[in-house]
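Chain by chain, the residues run as shown.
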Amino acid sequence: MTAITINIPNHEVGFFKKMIAKMGWTYSEVNMVRSAATPKEKALAKVDHAFGQLRQMKEGKLQGVNADDLLNEL
């Protein structure tokens, strides 16, 4: 699985969500961290993102990667 980050204008988010759903893809909404964020803020944002992904996996909205498959990719 590959993750791609794109910045979309707020007025276009609905269109992209519909397109992603039609394609059978998954997405994760993440609060953006400003570039001037402190290292602590960046770390907390990453932890928040990880918990968000775990929550989506639990809800069946995001598929996890098998550890063997992940190691084979390395």
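Residues numbered from 1 in each chain as written. Predicted model: local features only at pLDDT ≥ 70, side-chain atom pairs only at ≥ 80, totals over all residues. Heavy atoms only, no water.

Brief notes about a nonpolar patch on the surface
1) Next: A cluster of nonpolar side chains, Phe 15, Met 19, Met 23 and Trp 25, forms an exposed patch at the surface whose accessible area comes to about 450 Å².
2) Next: Here Met 23 lies in helix H1 (residues 13–23). (Patch = residues over 30% accessible without salt bridge, like charges linked within 9 Å, V, L, I, M, F, W, Y side chains within 5 Å. Areas by Shrake-Rupley, 256 points an atom, 1.4 Å probe, with all protein chains shown as cover. Salt bridge = Lys/Arg side-chain N within 4 Å of Asp/Glu carboxyl O. Helix = DSSP H or I, 4+ residues; strand = E, 2+ residues; numbered from the N terminus.)

So, the side chain of Gln 56
1) Next: As for its position among the elements, Gln 56 is in helix H2 (residues 39–58).
2) Next: We classify Gln 56 as buried; its relative accessible area is 14%.
3) Next: If we ignore the near neighbours within four places in the chain, the residues touching Gln 56 are Tyr 27, Ser 28, Lys 61 and Leu 62. (Buried < 20%, exposed > 50% of the residue type's maximum accessible area, 1.4 Å probe, protein only. Contact = heavy atoms within 4.5 Å.)

As for the pattern of salt bridges
1) Next: All told, the structure shown has one salt bridge when counted by the stated rule.
2) Next: A salt bridge links Glu 59 to Lys 61; the nearest nitrogen and oxygen atoms lie 3.4 Å apart.
3) Next: The exposure class assigned to Lys 61 is exposed, which follows from its relative accessible area of 51%.

None of the figures reported here should be taken as evidence of function without further support.
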